[in-house]
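Geometric and topological summary
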Amino acid sequence: MQGARPLSACAGTSSCPSASSPSISPGADALPESLRRVQQIVHQPILFQELDITNEAALQELFSKHRFSAVMHFAGLKAVGESVQKPLEYYRVNLTGTIRLLETMKAHGVRNIVFSSSATVYGDPKYLPLDENHPVGGCTNPYGKSKYFIEEMIRDLCKAERDWNAVLLRYFNPIGAHESGMIGEDPQGIPNNLMPYVAQVAVGRREFLSVFGNDYKTDDGTGVRDYIHVVDLAKGHIAALKKLKENCGCKIYNLGTGTGYSVLQMVQAMEKASGREIKYKITGRREGDVASCYANPALAERELGWKAAFGLDKMCEDLWRWQLQNPTGFSKN
Ligand code: UD1
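Quick caveat, the model's predicted, so the values are computed rather than measured.

1. Digging into the packing of helix H6 (residues 194-202) against helix H8 (residues 263-274)
Between H6 and H8, whose axes approach to 10 Å, the crossing angle comes to 40°. Taken together, the axis directions place H6 and H8 in an arrangement best described as oblique. Here the hand of the crossing between H6 and H8 comes out right-handed. In contact with Leu194, Met195, Val198, Ala199 and Ala202 of H6, H8 contributes Val263, Met266, Met270 and Ser274. Grouping the constituent residues of the contact of H6 with H8 by class yields eight nonpolar, one polar and no charged.

In structure tokens, the structure reads:
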């Protein structure tokens with residue numbers, strides 16, 4: 001962060017507006033229009049520089065031009081299926097990129113980082129709800145492993161060099177949109193994740209949802225997840241930045257609500273929010289999916305003073321407002 005005006009910089013990745021990595025993720029999910037709209041919402045310009053996080057010279061130049069007190073690190077490739085097809089690309093961008101970022105931070109005396117990790121590091125839950133002491137590393141795909149490896153790297157760094165502070169945030173399932181309806185998720189191509197798909201069925205872009213299995217050991221047989229409003233998630237990052245100021249060393253927190261909902265409960269909630277029928281068909285299980293996954297978010301409440309405020313109805317209402325106002329996403333309406 002740079003004074004009161006954060007500078008956002010990102011890699012040629014899926015989290016980057018106008019991403020331009022030539023060899024991967026042609027359907028990068030973030031677009032320049034999103035940043036334009038964020039500026040409208042906050043009524044001020046946001047400094048933005050596009051760069052490739054694996055490009056050391058570009059990182060050095062960025063850190064030479066600006067003085068940062070902390071870095072929030074979101075840059076990375078994030079498609080689970082693609083990571084299985086292109087493991088080296090995922091390790092190159094996510095791991096090499098993070099190493100270069102940490103080295104550059106170190107060279108410029110910046111020792112504070114918030115990293116966007118994922119509940120995927122827990123693998124198949126051995127118990128529920130998942131707390132931060134649950135064993136990690138049991139991920140089956142390179143995307144998940146890259147999150148786990150980065151966590152380990154940052155932990156080792158904080159152990160070796162005591163002046164580093166890091167907050168590793170394990171996201172559960174972020175959904176919803178900003179309540180203005182101006183910014184939201186705009187997956188390019190067919191959505192991989194449940195709620196963007198459901199929203200596209202509701203708005204008439206897709207005919208029906210495929211429900212991946214109804215033979216799990218859950219109440220209605222469909223997969224259960226801990227969905228969290230994206231605005232709550234964003235506020236978790238602000239709480240993490242404050243934590244860094246306490247010279248906290250390396251800390252790890254779940255960002256979830258603590259409540260699990262099944263696929264069919266999510267369909268129902270979205271039908272209520274949209275007032276439209278959402279057609280679905282039960283199909284086979286998706287490889288790598290677990291039956292249930294939800295957080296124990298108590299540690300974040302205790303140590304960050306952060307707790308998710310929004311429930312399922314609000315998540316679906318905001319998602320629906322975004323989808324209705326932008327039926328074809330950012331770029332084409
Ligand atoms: C997925 C990723 C996870 C990643 C997270 C956020 C996989 C296996 N896991 O989590 O690593 O961190 O996204 O990007 O991809 N579902 C359907 N039909 C659909 C889509 C999903 O029934 O068309 C079901 C799934 O089986 C699951 C639930 O909906 O039970 C949620 O799926 P999804 O939104 O993809 O999230 P995760 O699988 O939890």
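2. Some words on the nonpolar core
Leu194, Met195, Leu209 and Met270 are the most contacted members of the largest nonpolar core, which has 28 residues in total. Secondary-structure elements contributing two or more residues to this core are H6, strand E7 (209-212), H8 and helix H10 (312-325). No other element matches H6, which puts seven residues into this core. Core analysis: the second largest hydrophobic core is formed by 24 residues, Ile113, Ile154, Ala166 and Leu168 among them.

3. A look at the confidence of the model for the protein
Chain-level pLDDT for the protein is 92 on average; 91% of the residues reach the 70-or-more range. Taken together, the stretch residues 1-5 has pLDDT below 50 and engages in 15 contacts with residues farther than four places along the chain or on a different chain. Between residues 10-27, whose pLDDT stays under 50, and residues either more than four places distant or in other chains, the model counts 60 contacts.

4. Looking at the layout of surface pockets
When its volume is computed, the second largest pocket comes out at roughly 190 Å³. Those elements that place two or more of their residues in the lining of the second largest pocket are helix H5 (142-160) and strand E10 (250-255). In the lining of the second largest pocket, the residues fall into four nonpolar, one polar and four charged.

Thresholds applied
- Residues numbered from 1 in each chain as written.
- Predicted model: local features only at pLDDT ≥ 70, side-chain atom pairs only at ≥ 80, totals over all residues.
- Heavy atoms only, no water.
- Axes fitted to C-alpha atoms, helices over the stretch in contact; angles between N-to-C directions.
- Helix = DSSP H or I, 4+ residues; strand = E, 2+ residues; numbered from the N terminus.
- Parallel < 35°, antiparallel > 145°, perpendicular 65-115°, else oblique.
- Left-handed = near helix turned anticlockwise from the far one by under 90°.
- Contact = heavy atoms within 4.5 Å.
- Nonpolar A, V, L, I, M, F, W, Y, C, P; charged D, E, K, R; others polar.
- Core = buried A, V, L, I, M, F, W, Y, C linked by side-chain atoms within 4.5 Å.
- Buried < 20%, exposed > 50% of the residue type's maximum accessible area, 1.4 Å probe, protein only.
- pLDDT = per-residue confidence, 0-100.
- 1 Å grid on protein atoms, 1.4 Å probe; cavity = no way out; pocket = protein on both sides within 12 Å on 5 of 7 lines; lining within 4 Å.
- Points joined across faces, edges and corners; volume = space filled by probe spheres on them.

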